[in-house]
Amino acid sequence: MRSTAERRLASPPGGPVGGRRRELTVFVLIGFGIPWLLWLLRVRTGIDVVAPGGMIAVGLATFAALRLGGRTGTVARDTALVPIRPVRRLVRFCAIALGATLAFGFLAVAIGAWAGEYPTDLQNFSGLRAAYDMTGEPLQLILSALAVNIGLLVVVLPLALCEEWAWRGFLLPRLRQLGLWPALLASGLIWGVWHLPGYVGAGASPGFAPFLVTTVFFGVLLGWLRLASGLIWPGVLAHAANNTLVTAFVNVVFSADDERALSNPWTVGLSGWPGWLTMLPVILVGTRAIRRAAEGDPAFGGLPRRRPHPLRRILAASLGLVIVAALAGTAVEQSMARTDARRFPAPGRLVSVGTHQLHLRCLGSGSPAVVFESGWGDSSTTWDGLQRELTASGRRSCAYDRAGHAWSEPGPGVRDASAEAAELVTLLANAGERGPFVFVGHSWGGHVLRLLRAQRPGQVAGLVLLDIADERNTGLAAPATIQAHVWSFAAGAGLLRTGAWMVDPREPRLTRDNAPVVFGPATWAAAAAEMRAYDATVRAVRSLPRGPGSWGGLPLTVISAQDTREQPARLSTRGRHVVAATQDHYVHLAEPALVLREIHRVLEQAAFTK
């Protein structure tokens with residue numbers, strides 16, 4: 001004879017497969033459709049009811065889905081609204097839910113304050129005074145703010161009930177076929193994606209990514225409460241407490257009146273890395289408890305326990321470790337990047353080129369000055385050693401960062417080499433540097449300088465080209481773009497904060513000391529933009545005169561890592577092609593003495609010509 005639990009398991013929530021599909025279809029159409037309609041209302045009229053309207057919408061979606069599923073007689077039990085008895089058990093789990101949520105909030109703020117994200121003011125509570133526009137003694141102030149938020153908690157409870165009834169009461173059991181952990185993670189992810197209409201077009205889009213991580217973590221904890229108690233009510237209280245007592249009260253109590261600290265979505269409350277560090281250990285330590293809670297729940301207890309293959313377990317654990325490390329690293333990177341301008345000040349100065357500012361660093365004195373043009377993904381710091389050598393020999397030199405690289409601001413429009421050549425000319429003029437110049441360019445910088453020579457030949461006294469990029473290479477753009485995105489991800493995950501291990505050890509100390517900025521996500525975003533304009537760049541270079549002597553008697557040296565690029569040297573009747581003893585593309589790092597010697601040779605020829 002089957003027990004009552006077995007009978008329920010034989011007819012899982014949602015009934016047959018066809019019934020479950022109908023329920024989920026109705027749930028998605030209503031629960032996700034109404035928030036987007038409310039978003040459209042906000043766009044058209046400015047009336048913003050996306051948040052409360054969306055919370056009510058998922059409640060209506062749950063009711064409609066269950067109604068169409070034909071299971072109205074067992075709705076309350078199937079969605080964990082009952083049994084309320086024993087009341088003592090309900091009270092115990094509600095107390096746990098409230099206490100844990102507040103503890104997470106306080107710990108998150110404490111971690112943020114310890115890390116320097118929250119400037120604390122525990123004497124006057126200036127942040128709390130500013131947020132609530134209150135005066136009085138600190139204790140009176142705290143009690144008044146607490147009373148306000150307890151009132152808000154009561155108001156938000158019905159809305160939180162709509163959400164928890166939808167996500168943990170309705171959706172979570174219907175994902176049971178995925179397995180326990182996939183169901184918990186998927187329900188949290190779906191819950192987070194559902195919030196998207198509240199972010200799009202509201203000036204809050206940068207905060208969606210950290211918020212999505214938070215809904216996954218917090219969703220697992222709310223799912224745990226649902227499984228352990230057999231009810232959604234503890235989750236309702238935790239949900240409402242997070243939306244009021246934590247979000248609107250706890251953060252402000254421990255923070256001074258600092259808008260930056262309270263507006264950074266990667267650090268604020270549970271929706272930032274301090275909050276993740278409070279929730280994740282609890283989830284990892286409680287995995288067995290979550291499993292036991294699921295086995296005792298009618299919705300999950302009937303699932304067969306499969307012992308995964310050892311290799312699969314190792315791969316899953318490794319993947320989980322990588323994900324956790326990437327999330328933690330991204331949070332740290334986003335948090336620390338705000339203070340990079342203070343910790344890694346620009347070694348040169350920012351000069352306006354009209355629409356944005358570029359970083360320029362000049363050393364020494366004399367004429368003609370040497371101007372360095374970096375390769376793809378590199379910055380001005382790579383030339384520090386050569387600049388110092390030139391300064392010691394009584395020469396003036398300048399190195400700069402192209403738009404978006406290192407300390408330079410991103411530039412508008414298509415970032416092809418023609419635009420970059422024009423910006424370099426404007427930069428030098430606006431900085432008060434007088435030409436003509438001897439230009440030294442590496443790799444991609446060769447494209448920029450060849451186009452600059454075509455645009456402003458009078459500004460070019462000589463050229464030294466270091467293993468320059470080949471305009472005949474048509475298959476470079478795609479792999480280079482992928483590389484830019486990979487390095488951008490690595491930098492965005494904070495890997496450069498671990499000791500700049502990505503940086504070539506031959507790079508000058510200036511590069512290695514400023515690696516988080518020099519090779520930060522902004523640099524790789526700019527490098528990717530250059531690759532998107534790759535076709536326009538090579539077309540422009542190919543259109544230049546290519547015949548021998550096209551550049552007249554311009555002092556020119558072309559240094560190649562391999563004997564493959566002699567042709568550019570023939571553009572000048574005084575062109576010189578030098579094959580380096582190394583096959584290293586970074587000739588200026590592998591053989592700096594050779595490069596320095598050729599720079600001096602071109603300088604002497606340029607002075608003689610002048």
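Computed from a prediction, not measured in an experiment: that's the story for all the values here.

Engineer: Account for the state of the cysteines, with residues named and values stated.
Structural biologist: In total, this model carries one disulfide according to the counting rule given. Here C362 pairs with C398 through a disulfide, and the sulfurs are 2.1 Å apart. As the torsion about the S-S bond is roughly 110 degrees, the C362-C398 disulfide counts as right-handed. Pair noted here: C362 is in strand β2 (residues 357–363) and C398 is in strand β4 (residues 397–400), with a separation of 36 residues, a long-range link. Exposure remark for C362: the relative accessible area of 22% places this residue in the partly exposed category.

Engineer: Please give an account of the sheet that holds strand β7 (residues 556–560) that cites residues and values.
Structural biologist: Strands sit in the order β1-β2-β4-β3-β5-β6-β7-β8 across an open sheet of eight strands; the sheet is mixed. Strands with a single pairing partner mark the edges of an open sheet, and in this sheet they are β1 (349–352) and β8 (575–579). Averaged over all adjacent pairs, the angle separating strand axes in this sheet is 25 degrees, with direction ignored. Pairing geometry for β7 and β8, over five bridges, is parallel. Across the sheet, I559 pairs through a bridge with V578, a residue of β8. Against the sheet, helix α16 (residues 384–392) makes contact with β2, β3 (370–373) and β4, and its axis sits at roughly 40 degrees relative to β2, the strand it touches most.

Engineer: Explain the packing of helix α18 (residues 444–455) against helix α23 (residues 534–542) to me, using residue names and the numbers behind them.
Structural biologist: At a minimum axis distance of 10 Å, the contact between α18 and α23 shows a crossing angle of 50 degrees. On the basis of the axis angle, α18 is oblique to α23. In terms of crossing hand, the pair formed by α18 and α23 is left-handed. Residue-level contacts link W444, H447, R450 and L451 of α18 to Y534, T537, A540 and V541 of α23. Within the contact of α18 with α23, the residues separate by chemical class into five nonpolar, two polar and one charged.

Engineer: With reference to specific residues and values, describe empty space enclosed by the protein.
Structural biologist: A full pass over the atoms with the stated rule returns one cavity of 30 Å³ or more. The calculated volume of the largest cavity comes to roughly 40 Å³. Every residue along the wall of the largest cavity is listed here: E373, S374, D378, S379, S380, Y400, D401, R402 and H405. Of the residues that constitute the lining of the largest cavity, the class distribution is one nonpolar, four polar and four charged.

Engineer: Lay out unusual backbone geometry with the relevant residues and their values.
Structural biologist: Residue P83 is reached from V82 by a cis peptide bond, and omega for that bond is 10 degrees. Examined against the element boundaries, P83 turns out to sit in the loop between α4 (75–78) and α5 (87–114). Between R85 and P86 the backbone carries a cis peptide bond, its omega angle lying at -5 degrees. Despite not being glycine, A406 shows a phi value in the positive range, around 50 degrees. In this fold, A406 is placed in the loop between β4 and α17 (417–430). Exposure remark for A406: the relative accessible area of 12% places this residue in the buried category. Despite not being glycine, S443 has its phi angle at roughly 55 degrees, a positive value. Residue position: S443 is located in the loop between β5 (437–442) and α18. Judged by its relative accessible area of 12%, S443 is buried.

Engineer: Residues and numbers for the pattern of salt bridges, please.
Structural biologist: In the structure shown here, the tally under the stated rule is 17 salt bridges. A salt bridge links E373 to R402; the nearest nitrogen and oxygen atoms lie 2.7 Å apart. One end of the pair, E373, is in strand β3; the other, R402, is in the loop between β4 and α17, and 29 residues separate them in sequence. We note that E373, like R402, is buried.

Rules used throughout
- Residues numbered from 1 in each chain as written.
- Predicted model: local features only at pLDDT ≥ 70, side-chain atom pairs only at ≥ 80, totals over all residues.
- Heavy atoms only, no water.
- Disulfide = S-S within 2.5 Å.
- Helix = DSSP H or I, 4+ residues; strand = E, 2+ residues; numbered from the N terminus.
- Buried < 20%, exposed > 50% of the residue type's maximum accessible area, 1.4 Å probe, protein only.
- Pairing = 2+ DSSP bridges.
- Axes fitted to C-alpha atoms, helices over the stretch in contact; angles between N-to-C directions.
- Contact = heavy atoms within 4.5 Å.
- Parallel < 35°, antiparallel > 145°, perpendicular 65-115°, else oblique.
- Left-handed = near helix turned anticlockwise from the far one by under 90°.
- Nonpolar A, V, L, I, M, F, W, Y, C, P; charged D, E, K, R; others polar.
- 1 Å grid on protein atoms, 1.4 Å probe; cavity = no way out; pocket = protein on both sides within 12 Å on 5 of 7 lines; lining within 4 Å.
- Points joined across faces, edges and corners; volume = space filled by probe spheres on them.
- Salt bridge = Lys/Arg side-chain N within 4 Å of Asp/Glu carboxyl O.

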